[in-house]
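Residue strings, one per chain:
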Amino acid sequence: MTTDDSTSNGKPDTLSTPAESSATLGVEAANPWTRLASKLIYENPWIRIREDKVLTPSGSEGIYGLVKFRNRAVAIIPIDNEGYTWLVGQYRYALGDYSWEVPMGGHPVELDPLDGAHKELREETGLRAQQMTEFLRVQISNSVTDELGVAYLAQQLTPGETDFDDTEQLQIRRLPFDDAIAMCLDGRIQDLFSIAALQQLALRRSEFGV
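Cut-off values and rules
Residues numbered from 1 in each chain as written. Predicted model: local features only at pLDDT ≥ 70, side-chain atom pairs only at ≥ 80, totals over all residues. Heavy atoms only, no water. Core = buried A, V, L, I, M, F, W, Y, C linked by side-chain atoms within 4.5 Å. Buried < 20%, exposed > 50% of the residue type's maximum accessible area, 1.4 Å probe, protein only. Helix = DSSP H or I, 4+ residues; strand = E, 2+ residues; numbered from the N terminus. Contact = heavy atoms within 4.5 Å. Arc of directions from axis to C-beta.

## A word on the nonpolar core
Piece 1. The biggest cluster of nonpolar side chains holds 27 residues, and the ones touching the most others in it are Ile77, Leu87, Phe135, Ile189, Phe193, Leu198 and Leu201.
Piece 2. Sorting the residues of this core by element identifies strand E5 (71-78), strand E9 (128-139), strand E10 (148-158), helix H2 (177-185) and helix H3 (192-203) as the ones contributing at least two each.
Piece 3. Setting aside residues no more than four positions away along its own chain, Ile189 makes contact with Leu87, Trp100, Ala180, Met183, Cys184, Ser194, Ile195 and Leu198.
Piece 4. Judged by nonpolar contacts, the second largest core, of eleven residues, contains Leu121, Val150, Tyr152 and Ala154.

Below, the structure is given as structure tokens:
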């Protein structure tokens, strides 16, 4: 079985790379991998797992397992006029552990991530933002997955009602932004996307008046 992103003529092809891969650094993006065949192993409403038969950069044959996401991750850091932000806490099934994170969720890759950011902020915290500014794009575990993340700063906030998904049992915590940064530094926040977004915003706080 072949997937929708494998070749249809049976000929080897070069693995595709994201358009934003190395262009931002001005580096030549020659791809040393060749895909010989591809098959879908598993899929559900959120992910597809694919196994490719490949030629490695050294020229040897091998296999490469990929997790391809149907959603793009969107993360939101709301900041109010007092310099406070919001975190959400939830039990993460995959880890078997509790996790404090910035508000975030998945939004279909074919749709505007900005709409997803407004939706996730409203559902998880009840907040509505008049101003939403993208400030970070990340590749999440790019050795095994194509998942991309977009982070937004939410400002000019008004409170409202939450609307959790059936899979969510969340705690909501409002705290000073600097306290959230401290939680990244001492290990109380371990979610990678949350850490990247919070620390990126901390580095650029004068740019955004945070």
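That covers the picture; the talk isn't over yet.
## Let's talk about unusual backbone geometry
Piece 1. Positive phi outside glycine occurs at Ser141, with the angle close to 55°.
Piece 2. Locating Ser141 in the fold gives a position in the loop between E9 and E10.
Piece 3. Residue class for Ser141 comes out partly exposed when judged on its relative accessible area of 40%.
Piece 4. A positive phi angle, near 55°, is found at Gln156, a position not held by glycine.
Piece 5. Along the polypeptide, Gln156 turns up in strand E10.

## Considerations on H2
Piece 1. Considered for burial, the residues of H2 that qualify are Phe177, Ala180, Ile181, Met183 and Cys184. Take H2 and look down its axis: the buried residues cluster within an arc of 155°, on one side only.
Piece 2. Gly187 lies just past H2 and shows a positive phi near 90°.

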